[in-house]
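Breakdown of the fold
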Amino acid sequence: MCYGKCARCIGHSLVWLAILCIVANILLYFPNGETKYASENHLSRFVWFFSGIVGGGLLMFLPAFVFIGLEQDDCCGCCGHENCGKRCAMLSSVLAALIGIAGSGYCVIVAALGLAEGPVCRDSLGQWNYTFANTDGQYLLDTSTWSQCMEPKHIVEWNVSLFSILLALGGIEFILCLIQVINGVMGGICGYCCSRQQVRAVKIDTTAKRTTPRQNHDLPLFHCNLYILLVLICKTLY
């Protein structure tokens, strides 16, 4: 089994997940497609932590491209350089996966905190505050309280939907990077065994190539000597 192919599949998945995280985070800045709330600083503080843009987005491209570069047809080598070695390539992917775990973990934590605290909105008294900050996230289960936010319209649904998307995407990224840690360690060990088997196979093949021509030359020589011996016997008898 080639562990590089598994890493390549994970890498492509991380690229699309990172793009979705960036898009979801950007949408949080524009409730209902309006820009005035961002300019007036009427957004949740966790929106400004860039969890989807940096943690689940840009930071994920590094491990993703490392994983994509691991897959080779011969399942050995490092990004096209066979002399780099399978172990070096797979162990480097483990370090990249740890960076991905840190970025996705940051995205998950910030998204969870954003969901628990709720959005900034204008209440019935005309004040801008965190209306659901003291509910410990219980407002998520009681949709009848969402009408307490008068402005922006549907801000609770907007925040809950996008932060939930970031939470889910970050969780998937975390799991994929964790899988690659295991895949990289196993690939490093099996890559070492594979390299030893390949070296042994090359030695056997080289030996076979050296001995085969000698056998081909010895066989006609034996026939020639046998023919000369028969001729001499015939002359002696007759």
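Everything numeric in this text was worked out from a predicted model, so none of it was measured.

**Side note on the overall build of the protein chain**
The number of helices and strands found in the protein chain is five helices and two strands. Walking the protein chain from its N terminus toward its C terminus, one meets helices and strands in the order α-α-α-α-β-β-α. Across the 238 residues in the protein chain, those meeting the buried criterion constitute 38%. In the protein chain, the share of contacts with a sequence separation of at least 24, taken over all contacts with a separation of at least 6, comes to 75%. By element, 67% of the accessible surface of the protein chain is carried by carbon and sulfur atoms, the whole surface being about 13900 Å².

**Section: unusual backbone geometry**
Across the junction of Glu-151 and Pro-152, the peptide omega takes the value -5°, indicating a cis bond. Within the secondary structure, Pro-152 sits in the loop between β2 (128-130) and α5 (155-237). The backbone phi angle of Asn-41 is positive, close to 60°, even though this residue is not glycine. For Asn-41, the position within the fold is in the loop between α2 (36-39) and α3 (51-68). Relative accessible area serves as the criterion here: at 52%, Asn-41 is assigned to the exposed category.

**Topic: empty space enclosed by the protein**
This model, assessed by the stated rule, comprises one cavity of 30 Å³ or more. What the largest cavity holds in volume is close to 40 Å³. Along its surface, the largest cavity is lined by Leu-28, His-42, Leu-43, Ser-44, Val-47, Pro-119, Val-120, Ile-155 and Asn-159. Among the residues forming the lining of the largest cavity, the class breakdown is six nonpolar, three polar and no charged.

**Quick word on the packing of aromatic side chains**
Aromatic rings in a pair are described by how distant their centres are and how their planes are angled relative to each other. Evaluated as defined, the whole model comprises six aromatic pairs. With a centroid separation of 6.3 Å and 35° between ring planes, the pair formed by Tyr-29 and Phe-50 is classed as tilted. On the criterion of sequence distance, the pair formed by Tyr-29 in the loop between α1 (3-27) and α2 and Phe-50 in the loop between α2 and α3 is long-range, its members being 21 residues apart. Owing to a relative accessible area of 35%, Phe-50 belongs among the partly exposed residues under this scheme. On the numbers, 4.7 Å between centres and 15° between planes, the contact of Phe-132 with Tyr-139 is stacked. An identical accessibility class is assigned to Phe-132 and Tyr-139; each is buried.

**Focus: the UniProt feature "transmembrane region" (unreviewed entry) in the protein chain**
The residues that UniProt annotates with the feature "transmembrane region" (unreviewed entry) are residues 12-31, 46-70, 91-116 and 160-179. Between the end C-alpha atoms of residues 46-70 the distance is 36 Å, and the span holds 72% helix and 0% strand. Measuring from the first to the last C-alpha atom of residues 91-116 gives 38 Å, for a span that is 100% helix and 0% strand.

**As for the environment of Leu-98**
Structurally, Leu-98 is set in helix α4 (residues 86-117). A sequence separation of 83 residues divides Leu-98 from Val-181, and the C-alpha atoms of the two residues are 7.4 Å apart.

**Some thoughts on the pattern of salt bridges**
This structure, assessed with the given rule, holds three salt bridges. Glu-117 is paired through a salt bridge with Arg-45; the nearest N and O atoms lie 2.9 Å apart. Of this pair, Glu-117 sits in helix α4 while Arg-45 sits in the loop between α2 and α3, placing them 72 residues apart in sequence. By relative accessible area, which is 45% here, Arg-45 ends up partly exposed. As a salt-bridge pair, Arg-122 and Glu-151 come within 2.9 Å of each other at their nearest N and O atoms. One end of the pair, Arg-122, is in strand β1 (residues 120-122); the other, Glu-151, is in the loop between β2 and α5, and 29 residues separate them in sequence. Linked through salt bridges whose partners overlap, the residues forming this network are Lys-36, Arg-122 and Glu-151.

**Here we look at the nonpolar core**
Within the largest apolar cluster, 48 residues are counted, with the highest numbers of intra-cluster contacts made by Leu-14, Phe-67, Val-156, Phe-163 and Leu-166. Elements that contribute at least two residues to this core include exactly α1, α2, α3, α4 and α5. What Val-156 contacts, discounting residues up to four positions off in sequence, is Pro-119, Phe-132, Tyr-139, Trp-146 and Cys-149.

Definitions and limits used
Residues numbered from 1 in each chain as written. Predicted model: local features only at pLDDT ≥ 70, side-chain atom pairs only at ≥ 80, totals over all residues. Heavy atoms only, no water. Helix = DSSP H or I, 4+ residues; strand = E, 2+ residues; numbered from the N terminus. Buried < 20%, exposed > 50% of the residue type's maximum accessible area, 1.4 Å probe, protein only. Contact = heavy atoms within 4.5 Å. Areas by Shrake-Rupley, 256 points an atom, 1.4 Å probe, with all protein chains shown as cover. 1 Å grid on protein atoms, 1.4 Å probe; cavity = no way out; pocket = protein on both sides within 12 Å on 5 of 7 lines; lining within 4 Å. Points joined across faces, edges and corners; volume = space filled by probe spheres on them. Nonpolar A, V, L, I, M, F, W, Y, C, P; charged D, E, K, R; others polar. Phe/Tyr/Trp six-rings, centres within 6.5 Å; stacked < 30°, edge-to-face > 60°. UniProt positions renumbered as here; feature names shortened; annotations may be inferred. Salt bridge = Lys/Arg side-chain N within 4 Å of Asp/Glu carboxyl O. Core = buried A, V, L, I, M, F, W, Y, C linked by side-chain atoms within 4.5 Å.

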